[in-house]
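Each chain, written out:
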Amino acid sequence: EVEDENFKLLKKNAEINNFENFIPIQEAIDEFPRLTQLYTREPQSMSHGLRPFEDIEDPERLIANTSSNIKEIQSKTLDQIFSEYRIDHMDVMHVSVTGHEIPVLKGMKTLIPKLDTLRVSCPYKSDGVPNIDTAQEIMEEKGFGNFSRHGAAVIGERVS
């Protein structure tokens, strides 16, 4: 979780529920490391991401799709996170990055053998194409298969 208030809530929730084997990480995930912007619809909102909301084709918010707050941040790749935190294996990873799914998946280069199942939430479109379709194509190229879809999420298992 990258947003400050949401990160505090994430840690509080983990503490209340006595999560085991849980590592809260406050980072922005991207295709490559860079200085970028975090866009938020409203202050202290769950709606935030690395793409301006005006650029996200969101069928649920066609009228009110505007960014109201911008904060400069440093992004990393998931490969970097796995390396820095010495994560050798993960049963299930869920990626939900508000319209930035495709760059995040493209940035995954070395961690694929460490994941058993990858779930990507993709409720948006890019250039009229549902991100869920593009995400599944990228996941397949990276060695995932046995796909299933649940709403706007695609789930794949590592097969190679």
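Residues numbered from 1 in each chain as written. Predicted model: local features only at pLDDT ≥ 70, side-chain atom pairs only at ≥ 80, totals over all residues. Heavy atoms only, no water.

> Quick one: what's the story with the environment of Pro130, residue by residue and with numbers?
Along the chain, Pro130 turns up in strand 8 (residues 129-130). Between the C-alpha atoms of Pro130 and Ala152, which are 22 residues apart in sequence, the distance is 9.3 Å. With sequence-adjacent residues up to four places away left out, Pro130 is seen in contact with Tyr124 and Lys125. (Helix = DSSP H or I, 4+ residues; strand = E, 2+ residues; numbered from the N terminus. Contact = heavy atoms within 4.5 Å.)

> An account of the sheet that holds strand 6 (residues 115-121) is requested, with residue identities and associated values reported.
Ordered by their spatial adjacency, four strands build an open sheet running 5-6-10-9, and the pairing between neighbours is mixed. For this open sheet the edge positions go to strand 5 (90-95) and strand 9 (144-150), each flanked by a neighbour on one side alone. The mean angle between the axes of side-by-side strands here comes to 15°, regardless of whether they run parallel or antiparallel. Judged from the five bridges that link them, strand 6 and strand 10 (residues 153-158) form a sheet pairing that is antiparallel. Within strand 10, the position partnered with Thr117 by the bridge is Glu157. The strands that helix 4 (residues 131-141) touches are strand 6, strand 9 and strand 10; relative to strand 9, the one it contacts most, it runs at about 160°. (Pairing = 2+ DSSP bridges. Axes fitted to C-alpha atoms, helices over the stretch in contact; angles between N-to-C directions.)

> Describe in detail the sheet that holds strand 1 (residues 28-29), supporting the description with residues and values.
Hydrogen bonds between backbone atoms are what pair the strands of a sheet, whose relative direction is either parallel or antiparallel. With mixed pairing, four strands are arranged side by side in an open sheet as 1-4-2-3. One side of each edge strand has no neighbouring strand; the edge strands of this open sheet are strand 1 and strand 3 (48-49). Pairing between strand 1 and strand 4 (residues 69-76): two bridges, direction parallel. When the bridges of strand 4 are listed, Ala28 appears paired with Ser75.

> Residue-level account of helix 4, with values.
Within the span of helix 4, buried status applies to Asn131, Ile132, Ala135, Gln136, Ile138 and Met139. Buried residues of helix 4, viewed axially, fall in a sector of 165°; they line one side. Exposed side chains of helix 4 directed beyond 90 degrees from the buried face belong to Glu140 and Glu141. Against the buried residues of helix 4 lie helix 3 (101-106), strand 6, strand 7 (125-126), strand 8, strand 9 and strand 10. Just downstream of helix 4 lies Gly143, where phi reads positive at about 100°. (Buried < 20%, exposed > 50% of the residue type's maximum accessible area, 1.4 Å probe, protein only. Arc of directions from axis to C-beta.)

> Residues and numbers for the pattern of salt bridges, please.
Applying the stated criterion across every chain yields a total of seven salt bridges. Salt-bridge contacts for Lys71 lead to Asp4; the nearest nitrogen and oxygen are separated by 3.0 Å. Of this pair, Lys71 sits in strand 4 while Asp4 sits in helix 1 (residues 4-16), and the two are 67 residues apart along the sequence. A relative accessible area of 36% places Lys71 in the partly exposed class. Linking Glu27 and Lys76 is a salt bridge whose minimum nitrogen-to-oxygen distance equals 3.2 Å. Taken as a pair, Glu27 in the loop between helix 1 and strand 1 and Lys76 in strand 4 lie far apart in primary sequence, 49 residues in all. Glu27 sits in the buried class, given a relative accessible area of 19%. One continuous salt-bridge network, built from bridges that share partners, spans Glu27, Lys76 and Glu84. (Salt bridge = Lys/Arg side-chain N within 4 Å of Asp/Glu carboxyl O.)

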